[in-house]
Each structure stands twice: as C-alpha cells, then as structure tokens.
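Listed below are the residues making up each chain.
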Amino acid sequence: MKLENILAERKNKIIYKDGDKAIKVFDENFSKADVLNEALNQARVEETELNIPKIVEVSKIDGKWAITSDFIEGKTLADLMQENPDKIDEYLELFVNIQIEIQSKRSPLLNKLWDKMKRKIDETTLDATTKYDLQTRLNGMHKHHKVCHGDFNPSNIIISPDGTPFVIDWSHATQGNASADVARTYLLFCLKGKEEIANKYLDLFCKKTNTAKYYVWEWLPIVAASQSVKGKDEEREFLLNWVNVVDYQ
C-alpha cells in the first residue's frame, strides 16, 4: 500500500486517503491497547446507527498500527464556521442537535465515563486534598448511561456535499452523564479562545435539553482535571485554573 495523500497530521498519528478509505496510521510507539480500544469504541458506536465512518479493518502498515475506515467526503463544521462567520448561530444549532442525538443513544459495552474520570483524577499532579475533593464531587454526580463522544468539537463533524453530518474520532467515547460531555466541549471552545461561542453553545444546549446550567458547571472542575493529564503545558495550566472554580451563580 502506497500512502501519499495526507488528510491530516495529529500528534502521534497521520491520516491518509486511499480511494474511498481513510487510514489512520499511528506512530511506532503508540500503545497497541489504545489503538484497539479506539477501533472497538468506533465499532460499538456503529451499532447505534449514528452517522459515523464504518471500520473496515485494523492492521499494521510498515510496522505501525493502522485503523482503516470509510472516507467521508465533505468539509468539517469548524471549516464552515470559519468560512461563514455570519452563520455561526445556524451552525451551533446543528452542532447541539447532533450532540443531543448522540446522547440519546445507548451502547452498554462502552467504557464508563465515571470510571475514566476517577482514574484520570488519580493520575493528576494535584495535591491529595484537591484530588479527594474532586473524587467526592464525582461520587455525588448521577451515573447515567448515555453515549458521550469525549472530544465533541466542530473539527470532528464532517458535513457531506448533500448536507449529511458525520461524526468522526471516537477514541475517547464512553457511556455516562451527558453534562460531563457538554463540560468537555465547553472547555474545548475556551481552550481555543472562543469564550463567546462557548457560552452561546452552553446556553443553547441547556435550553434545548432543559438542563440547569449549574449542573454542567458542577462537572467543569472534574472534566478539567481529567483533561489536564495529557494536555499540552499551556493547556494544562488553563485547565487546572478550572479545578478550583467557584460554584456557578
């Protein structure tokens, strides 16, 4: 196989296009367990019948693990937002509707978000008292079983030429509380300096789902701590500032 057409380059991976297939090739040092878990997540989410690329195979290419999926033609929602700033409200409406549809699904074999958060808090460099406070807060949150994307942002939505949205990159998918996933998306917007859009997004999601904003706000310190474990240095500092966030008023 000759891989030449690069679609995207990410940390520890390169995504190629080969005909009607997209091939994600991981670095030699990338964890085999993480590769297989990502493929398994995607296969399990396929069973919910959401619009996502279908897994074709997991293989090795030149000694590197690779996941081959259907290639989805189109533009990302992030690109469309950048190209058409006057349509931000329209795109945010679509964005939230897609997330609500995802969270309406169930996939009982996905890893549990609560377990992941608990483990990640333990892995942080935070002091013991802060970890205890975060674990106590986590223990008090409702344990739902909704499909959560884990990295839901406009770059992970492709709009096909006929207008159909497809959601990609299910490596962080879990089942759990929808508000935790919303908190994660909110922080992703903030990390890119898009606080205004972050607040519009949160207001829209809460309005559409009749969710109290306070409920999402309670998740922010937990999600920020969890995300800080593998974040870049500058992102880690930003995220840790949210760990001691005061209760939402």
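Structure: see above.
Residues numbered from 1 in each chain as written. Predicted model: local features only at pLDDT ≥ 70, side-chain atom pairs only at ≥ 80, totals over all residues. Heavy atoms only, no water.

**Student:** Pulling in residues and values, what's your account of the sheet that holds strand 8 (residues 157–159)?
**Tutor:** The strand order across the open sheet built from 3 strands is 6-8-9, with neighbouring strands paired in antiparallel fashion. Of all strands in the sheet, those bounded by a partner on one side alone are strand 6 (75–76) and strand 9 (165–167). As judged from the 2 bridges shared by strand 6 and strand 8, these two strands associate in the antiparallel manner. Note that in strand 8 the partner of Thr 76 across the bridge is Ile 158. (Pairing = 2+ DSSP bridges. Helix = DSSP H or I, 4+ residues; strand = E, 2+ residues; numbered from the N terminus.)

**Student:** Tell me about the environment of Gln 135, residues and numbers included.
**Tutor:** Relative to the assigned elements, Gln 135 resides in helix 5 (residues 128–139). As for Gln 135 and Tyr 91, which are separated by 44 residues in sequence, their C-alpha atoms are 36 Å apart. Ignoring anything within four residues of it in the chain, the contact list for Gln 135 reads Lys 118, Ile 121 and Asp 122. (Contact = heavy atoms within 4.5 Å.)

**Student:** Explain the pairing of strand 4 (residues 55–61) to me, and be specific about the residues and the numbers.
**Tutor:** When strand 4 meets strand 5 (residues 64–70), the two strands line up antiparallel, connected through 6 bridges. Bridging from a neighbouring strand, Ile 61 pairs with Lys 64 of strand 5.

**Student:** Could you give an account of the environment of Glu 9, naming the residues involved and the relevant values?
**Tutor:** Residue position: Glu 9 is located in strand 1 (residues 6–10). Judged by its relative accessible area of 54%, Glu 9 is exposed. Separated by 164 residues in the primary sequence, Glu 9 and Ala 173 place their C-alpha atoms 21 Å from one another. (Buried < 20%, exposed > 50% of the residue type's maximum accessible area, 1.4 Å probe, protein only.)

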